[in-house]
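# Close look at the chain arrangement
The chain contents come next:
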Amino acid sequence: MLDTGRTARRLESYVQGAWRAGQGEGKPLANAATGEVHAYIGSDGLDFAGALDWGREVGGKALRGHTIHERALMLKSIGMKLMEMKDEFYAESLATGATARDAWPDIDGGIGTMLTFASKARRELPNARVIPEGAVEGLSRDGSFVGQHILVPMRGVAIHINAFNFPVWGMLEKIAPALIAGMPCLVKPASATAYLSELVVRRILEMGILPDGALQIVCGGVGDLLDHVTGQDIVTFTGSASTGRKLKAHPAIVENSVRFTMEADSLNAAILGPDAVPGTPEFDLFIKEVHREMTAKAGQKCTAIRRVIVPKGQEQAVIEALSDRLGKTPLGLPDDANARMSALASLGDRDGVREKIAEISREAEIVFGDPSRVELVSGDAETGAFLNPVLLHCADPLTATAPHDIEAFGPVATVMAYDGLEEAVTLAMKGKGSLVSSVFTNDPAVAAELVIGVAPFHGRVMLGNRDSAKTSTGHGAPLAPLVHGGPGRAGGGEEMGGMRGVKHFMMRTAVQGTPRLLSAVTGEWVAGAPVAQGTHPFRKSLAELAIGDQLVTERRVISEEDVEHFAHFTGDTFYAHMDSDAAKANPFFDDRVAHGYLIASFAAGLFVQPDPGPVLANYGVDNLRFLTPVYFGDSLQVQLTCKQINPREGTVYGEVRWDCRVTNQNDEVVAEYDVLTMVAKSWPLPQEA
Ligand code: NDP
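In this report, we go over the structure that sits alongside the text. Keep in mind that this is a model prediction, so the values were computed, not measured. (Residues numbered from 1 in each chain as written. Predicted model: local features only at pLDDT ≥ 70, side-chain atom pairs only at ≥ 80, totals over all residues. Heavy atoms only, no water.)

## Observations concerning the nonpolar core
L82, L172 and I175 are the most contacted members of the largest nonpolar core, which totals 62 residues. Top contributing element to this core by residue count: helix α5 (residues 169–181), with 9 residues. With near-sequence residues (within four places) excluded, L172 lies in contact with L82, G110, I111, M114, P177 and I204. Counting residues in each nonpolar core, the second largest holds 29 residues, with L598, F602, L636 and C660 among its members. (Core = buried A, V, L, I, M, F, W, Y, C linked by side-chain atoms within 4.5 Å. Buried < 20%, exposed > 50% of the residue type's maximum accessible area, 1.4 Å probe, protein only. Helix = DSSP H or I, 4+ residues; strand = E, 2+ residues; numbered from the N terminus. Contact = heavy atoms within 4.5 Å.)

Here it is as structure tokens:
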């Protein structure tokens, strides 16, 4: 390692409300591409137990004082400000060996993931501190005892131990859902690239948006931190399976049943369908994707393609096409515009990848590249951690083990052939569980058989074909709304997946009791809970409206003329409404019936209060069900009850969900649904609105 005397930053940790350098001058961290010392790292002497207590007592308490939407808005503001600062992060990222193209998924991808979580949480979760989940289950005949699940934030700290390859994304994709859930975070970035994570955390904390204790970072080792975890803490780990297994077996984690999520090594595959022969768009897309996954971030991506599974007879065509592309991938310094690929994260990593290639090549032959020779367009092969791509071919993949077991975390992949789709699935399964695989085919039958076959071994499967060639987000990109994680060897963890990701940081508790008490816990009206009648609820702004406010309407009799009129007016002359004999022949009806949508329309006519007022708009209905047929002469009545009030932060209105129950003269429920409205927080609306 060459120290040119350039001033290198001493990284600090932010714990217990202050930036603190560990004892001593710290361990030097090298610039991946030049070998110069870029920063010093060390956390010796920090009080790790104190950091956890600080997070739990100061950060957790403050976060739980905010609603989910308030916490999501904090992240939105942070994400927008980080976007404005990103040039600084791209500059710092060069030291990791990442080209601008490599850094994009880390920096833009990380901030974008945080913003996606912030936006989805405000759209999909209630603006509350508790999330009721699923239906209310009746547990007694008379409805006096019911049950429902609720989700509340865990009372501990979310400890995120991250890998070196995504110092920004790896941190933000984990802290976003945890903070929205209401859990404080302590991030421990991998030492090799911790300078970039530290810089981003500095900028976040300088914004002063997060309450103190909500976000801490330890740069360096975590000392005795894990000795102090409790059953309320959560540990998420990304890195090697060996470290992951060791940490998962830590006595404090085992004894306290600490939730431990692991994202570890993964021998991801790309499978070429039998229909995707040379000359088809799918063949070209496959070659392009394998090349991209081998070379992006120099193959140091947890989702990179390691196994290239192709139909028997196509090996040579695939090897030739890939070799052609790999041969046109100049290697050089990360800021060199002529370089398509840059360095691995460290010289140690390069040694490790070369060793792994040697191990794999005992059962496979190198068909492109030479791991011992480095060819560069810029940079120094001795001081920079450069390695040109290497492609191998395994002739007997059903009996070989190394290509399925050994993850060379660099620009390395092995081509192997299958004979029949079942064998393709067998080969993919030999990875023993992966984060992602992709299938390139234009044949729906091939897509169905391969995806259903490999799905139990994968967290994500991407289908590539000509129709999504321009829009596909690609094999390698984990996406905020979709699950990231895989079974078995991939760690058995699950991250992201939209709001599921938030719920990973919450406790799901089944609550049983009377509707009145359950309603008090969840903040949502439950059938059987008290109601209040009086002023028409559509005359009330959010300031006046309460859960349980109810309207019971007049009755309206449905006549044959109503049904005839509705049928001809709308064009819906379905026989069950128009033809008595045909309706009677239908097993569901005794005669002609009213249209379901006529019932919903008459219901609105019964419950709406027409004057200008605080109800601003009706934006839909949920869970609409027609339960009992309505015949001519039946009389309908509506019971409309305020079920959920969701004020929107930063606006003059909120969402109100109404329980709407339409009954007939025999008190049978003919239709049931939730009516969704936007209601003003106060009425009249403020002038500026
Ligand atoms: P490691 O498993 O060595 O490190 C991962 C994280 O764990 C780092 O933050 C590391 O910190 C930390 N760590 C290591 N030992 C301990 C410990 N005893 N207590 C607490 N924390 C600890 O993996 P690397 O990041 O070095 O990557 C190595 C391999 O991991 C790669 O070659 C690849 O196979 C795999 N990997 C998998 C990824 C995935 O998402 N599935 C992503 C990246 C890598 P420190 O750096 O300070 O040692």
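On we go from here.
## A closer look at the pattern of salt bridges
Evaluation of the coordinates by the stated rule reveals 30 salt bridges. E124 serves as the salt-bridge partner of K120, at 2.8 Å between the closest nitrogen and oxygen. Highlighted residues: K120 and E124, both in helix α4 (residues 100–124), separated by 4 residues, approximately one helical turn. What makes K120 buried here is its relative accessible area of 16%. You can call E124 partly exposed: its relative accessible area is 41%. With its nearest N and O atoms 2.8 Å apart, the salt bridge here joins R466 to E282. Highlighted residues: R466 in the loop between β19 (458–464) and β20 (483–484) and E282 in helix α9 (residues 281–295), separated in sequence by 184 residues. Classification of R466 by relative accessible area gives partly exposed; the value is 38%. Residue classification places E282 among the buried residues on the basis of a relative accessible area of 1%. Through salt bridges with shared partners, a single ionic network connects R9, E12, E92, E198 and R202. (Salt bridge = Lys/Arg side-chain N within 4 Å of Asp/Glu carboxyl O.)

## Comments concerning unusual backbone geometry
Following W683, the chain continues to P684 via a peptide bond in cis, the omega torsion being 0 degrees. Along the chain, the position of P684 falls in the segment after β29 (669–680). For M496, which is not glycine, the phi torsion reads 50 degrees and is therefore positive. Inspection of the secondary structure puts M496 in strand β21 (residues 495–496). The exposure class assigned to M496 is buried, which follows from its relative accessible area of 1%. Of note in the backbone geometry, D667 takes a positive phi value of approximately 65 degrees without being a glycine. Relative to the helices and strands, D667 is located in the loop between β28 (653–663) and β29. Overall, D667 belongs to the exposed group, its relative accessible area being 59%.

## Looking at the sheet that holds strand β5 (residues 37–41)
Read across the sheet, 3 strands follow the order β1-β5-β4 without closing on themselves; strand pairing throughout is mixed. Sheet topology places β1 (9–10) and β4 (27–30) at the edges, where each strand pairs with a single neighbour. Both β1 and β5 contribute to a ladder of 2 bridges, which runs parallel. Across the sheet, R10 pairs through a bridge with Y40, a residue of β5. (Pairing = 2+ DSSP bridges.)

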